[in-house]
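For reference, the chains in residue letters:
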Amino acid sequence: MSVAVPLVTVCAEGLSRRFGDFVAVDAISFEIRAGEIWGFLGPNGAGKSTAIRMLCGVLAPSSGRADVLGFDVARDPEAVKLRIGYMSQGSSLWNDLTVEEHLRFYAGMFEIYGRAQDKAVEEWMERVGLTGRRHELAGALPGGIRKRLALGCTLLHHPKVLFLDEPTAGVDPVSRREFWDLIAGLAEEGATVMVSTHYMDEAEHCNTLALIYSGRIIAQGTPEDLKRRPSAGITVEIPSHQSVAILDAIGALPFVLSSALYGSSVHVTLPRREDIDRLRRAVDESGFGAEGLSEIAPSLEDVFAALVSSA
Ligand SMILES: Nc1ncnc2c1ncn2[C@@H]1O[C@H](COP(=O)(O)OP(=O)(O)O)[C@@H](O)[C@H]1O
Ligand SMILES: [Mg+2]
């Protein structure tokens, strides 16, 4: 039996963008397939929005190329814009328009009129859970609900590819979960979803991740692949009520790749398993107890910290 390989819907090759001498996006390459939730993970200023804006045909690349649904983003940006859904990081809503007025306005932009508009507006208002709020002004909606409205506005024309730029930034945890459920539903129906976030815990919702730092993709793969990467090093946990002092004492040790506080523990990334004993001795010599020190499975945050420190 042959297994159908999902179509590559988004493809970038050496895609770059400079602003003057500054390189905001530095030769990134990847392929995204239909039905995939592809997470773009990185701190503020890493280049996520700039990359997404190029893929949406909004910002011209300085070099390299990208295709979306077979259209070159630089040569045919209008064809790309018509076929995608783009939820930008800034607000795309007006405070003095209601929920329903927003959906109708965006439907009009995609030239969906008459009965088709009624149908699309009702369908997406329902899907994003806003039917009961149709007459409320966007300006009065809580943050998480505003984001759902913004998402609904990008879906009216049934785009096959969605670019969501930090859709959950500043949103409470319950609303974030609901948002990810919506995204999962869209991907199950076959949409390609490229979604950026700086919340490491959200990475687990993605099938594939690309970690971006200083404009460069420093790793990509499934969340499991990334945690297994040998270059991510060995993660060690030191539980202690003196975790802040321990962090101070070990941060500068030459064999420590990265270290960070996790509640009342310190997480340390080391290049090799052999370094665990060196670390234990160093913690002991600094006068702290190292009894609870043990190797743990790294979180994506640990992996990211280790990759950044060796980048
Ligand atoms: N229009 C612009 N002109 C100059 N610099 C820019 C412009 N847009 C973005 N940058 C810079 O490019 C870098 C990446 O920004 P951005 O893509 O917004 O990152 P992210 O979305 O990951 O936070 C930042 O240093 C930012 O200041
Ligand atoms: Mg951004």
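Residues numbered from 1 in each chain as written. Chains lettered and ligands numbered in written order. Predicted model: local features only at pLDDT ≥ 70, side-chain atom pairs only at ≥ 80, totals over all residues. Heavy atoms only, no water.

S.K.: What should I look at first to understand the pairing of strand β4 (residues 63-68) in this one?
M.R.: Note on strand geometry: in a regular strand, side chains alternate between the two faces of the sheet. Direction of pairing for strand β1 (residues 8-19) relative to β4: antiparallel, over a ladder of five bridges. When the bridges of β4 are listed, Cys 11 appears paired with Asp 67. As paired strands, β4 and strand β5 (residues 71-72) are joined by two bridges and run antiparallel to one another. Bridging across to β5, Asp 67 finds its partner in Asp 72. Where β4 hands over to β5, the hairpin turn is made up of two residues, of which Leu 69 adopts a positive phi near 50 degrees. (Pairing = 2+ DSSP bridges. Helix = DSSP H or I, 4+ residues; strand = E, 2+ residues; numbered from the N terminus.)

S.K.: Mind showing me how you'd approach helix α8 (residues 243-250) here?
M.R.: For the α-helix, the turn length of 3.6 residues means that residues three or four positions removed from each other point alike. The set of residues buried in α8 consists of Ser 243, Ile 246 and Ile 250. Down the axis of α8, the buried set is contained in an arc of 55 degrees. They therefore lie on one face. For α8, the exposed residues lying more than 90 degrees away from the buried face are Val 244 and Asp 248. Buried residues along α8 sit in contact with β11 (234-239), β12 (258-262), β13 (265-270) and α9 (275-285). (Buried < 20%, exposed > 50% of the residue type's maximum accessible area, 1.4 Å probe, protein only. Arc of directions from axis to C-beta. Contact = heavy atoms within 4.5 Å.)

S.K.: Whenever I open this one, the domain arrangement of the chain confuses me. Can you help?
M.R.: According to the domain assignment, the chain contains domain 1 (8-227) and domain 2 (230-310). For domain 1 and domain 2, the distance between their C-alpha centres works out to 36 Å. At the junction of the two partners, domain 1 supplies 15 residues and domain 2 supplies eight residues. A per-residue breakdown of the area domain 1 buries against domain 2 is headed by Met 200, Ile 218 and Lys 227, which together make up 52% of the total. At the surface where domain 1 touches domain 2, the tally comes to zero salt bridges. Secondary-structure elements contributing two or more residues to the side of domain 1 that touches domain 2 are β9 (208-213), β10 (216-221) and α7 (223-228). Looking at the side of domain 1 that touches domain 2 residue by residue, the classes come out as twelve nonpolar, one polar and two charged. (Domains from an automatic or database assignment. Buried area = accessible area lost by both parts, 1.4 Å probe. Salt bridge = Lys/Arg side-chain N within 4 Å of Asp/Glu carboxyl O. Nonpolar A, V, L, I, M, F, W, Y, C, P; charged D, E, K, R; others polar.)

S.K.: Even after reading the chapter, I still don't get the sheet that holds β10, so can you show me in this structure?
M.R.: The strands that make up a sheet are held in pairs by hydrogen bonds between backbone atoms, and each pair lies either parallel or antiparallel. Pairing is mixed in the open sheet, where six strands are placed in the order β6-β7-β8-β3-β9-β10. The sheet is open, and its two borders are formed by β6 (84-87) and β10, each paired with just one other strand. The sheet shows a mean angle of 15 degrees between the axes of neighbouring strands, taken without regard to direction. Sheet topology places strand β7 (residues 161-165) next to strand β8 (residues 192-197); five bridges connect them, and they run parallel. Counted as the bridge partner of Asp 165 is Ser 196 from β8. Along the sheet, helix α10 (residues 300-310) makes contact with β3 (37-41), β9 and β10, crossing β9 at roughly 40 degrees. (Axes fitted to C-alpha atoms, helices over the stretch in contact; angles between N-to-C directions.)

S.K.: Could you clarify how one ought to interpret the coordination of the magnesium ion (ligand 2) in this entry?
M.R.: The textbook angles at a metal center are 109.5 degrees for a tetrahedron of four donors and 90 or 180 degrees for an octahedron of six. Taken together, the protein donors to the magnesium ion (ligand 2) comprise Ser 49 (OG) and Gln 89 (OE1), at separations of 2.0 to 2.2 Å. Of this pair, Ser 49 sits in helix α1 (residues 48-55) while Gln 89 sits in the loop between β6 and α3 (99-109), and the two are 40 residues apart along the sequence. (Donors = N, O, S within 2.8 Å, 3.2 Å for Na, K, Ca; no water.)

S.K.: How should I be thinking about the side chain of Thr 50 in this particular structure?
M.R.: With respect to the helices, strands and loops of the structure, Thr 50 is situated in helix α1. Setting aside its immediate chain neighbours within four residues, Thr 50 contacts Arg 17, Phe 19, Ala 24, Val 25 and Leu 59.

S.K.: Explanation requested: the sheet that holds β5 in the structure shown.
M.R.: Taking strand neighbours across the sheet as the criterion, the four strands line up as β2-β1-β4-β5 in an open arrangement whose pairing is antiparallel. The outermost strands of the open sheet, each flanked by one partner alone, are β2 (22-33) and β5. Contacts from α1 reach β1, β2 and β4, with the element oriented near 120 degrees to β1.

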